[in-house]
Amino acid sequence: MTTPSGSPALAPRPEDARLEIARRRFQAETVAAARAAGRTVRVAPYILAAPGPERRADLELIEKYVRSRGWQLAATSFADLGQPPPIGQRSGFAEACLYAARGFAHGIVALSRAAIITDNQAYADILDQLHHRAVFLAYLPASGGPGPA
């Protein structure tokens, strides 16, 4: 398979694909449960950017995506500075997880997985911890990629 530019397409690594399947399944389960209970799905935005225009632009993208899904944006948003410290040292992400786990949101929405973590084992742990609390992670669709996820 090649990209439109003629270069070979990079196949997703099996572990990345497995984790994405799990993330989407957790999201579908949580959304279905909220809707079955007659609730509007509410999500908290998480942004990895310094305060200012970039952070505002990222939040606008997230808001647009959330509206397109028929979800509701939580009253509170969470952020950490760009060039993040290890995930365990990010107060904004920890606060977003706690906020959702306390029932204020069904999920956390970020621009992409890269805004959360790229290490597969740590990511799998985060997904499992959130899933046990009935909280999902969602990302904006990749530009030119498949529809919203």
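Below: a short report on this structure. Please read all numbers here as calculations on a predicted model, not as lab measurements.

With that out of the way, let us pick up the nonpolar core. Tyr46, Phe93, Ile108, Ile116, Tyr123, Ile126 and Leu137 are the most contacted members of the largest nonpolar core, which totals 27 residues. Going through the elements one at a time, helix H1 (14-36), strand E1 (42-48), helix H3 (91-104), strand E4 (107-110), helix H4 (120-132) and strand E5 (136-139) are the ones with two or more residues in this core. Ignoring sequence-local partners within four residues, the contact set of Tyr123 consists of Leu19, Arg23, Arg113, Ile117, Leu137 and Tyr139. Val41, Val43, Val66 and Val109 belong to the second-largest nonpolar core, a separate cluster that totals 14 residues.

Buried within H3 we find Gly92, Phe93, Ala96, Cys97, Tyr99 and Ala100. All buried residues of H3 lie within an arc of 160° about the axis, which places them on one face of the element. Residues of H3 that are buried in the fold lie against E1, strand E3 (78-80), E4, H4 and E5.

The next point concerns the side chain of Asp80. Looking at the secondary structure, you find Asp80 in strand E3. Buried charge without a partner: Asp80 forms no salt bridge, and the closest opposite charge is Arg90, 4.9 Å away. In this structure the side chain of Asp80 is engaged in a polar contact, spanning 3.5 Å, whose partner is the backbone nitrogen of Ser91. From its side chain, Asp80 meets the backbone nitrogen of Gly92 in a polar contact 2.9 Å long. For Asp80, the contacting residues outside a window of four places in its chain are Tyr46, Ile47, Leu48, Ala49, Arg55, Arg90, Ser91, Gly92 and Phe93.

This part takes up the pattern of salt bridges. Throughout the structure, instances matching the rule amount to six salt bridges. Its salt-bridge partner being Arg25, residue Glu29 comes within 3.2 Å of it at the nearest N-O pair. Here Glu29 pairs with Arg25, and both are found in helix H1, just four residues apart, close to one helical turn. For Glu29, a relative accessible area of 36% corresponds to the partly exposed category.

What counts, and at which threshold
Residues numbered from 1 in each chain as written. Predicted model: local features only at pLDDT ≥ 70, side-chain atom pairs only at ≥ 80, totals over all residues. Heavy atoms only, no water. Core = buried A, V, L, I, M, F, W, Y, C linked by side-chain atoms within 4.5 Å. Buried < 20%, exposed > 50% of the residue type's maximum accessible area, 1.4 Å probe, protein only. Helix = DSSP H or I, 4+ residues; strand = E, 2+ residues; numbered from the N terminus. Contact = heavy atoms within 4.5 Å. Arc of directions from axis to C-beta. Lys, Arg positive; Asp, Glu negative; His and termini not counted. Salt bridge = Lys/Arg side-chain N within 4 Å of Asp/Glu carboxyl O. Polar contact = N/O pair within 3.5 Å; in protein donor to acceptor, adjacent residues only side chain to side chain.

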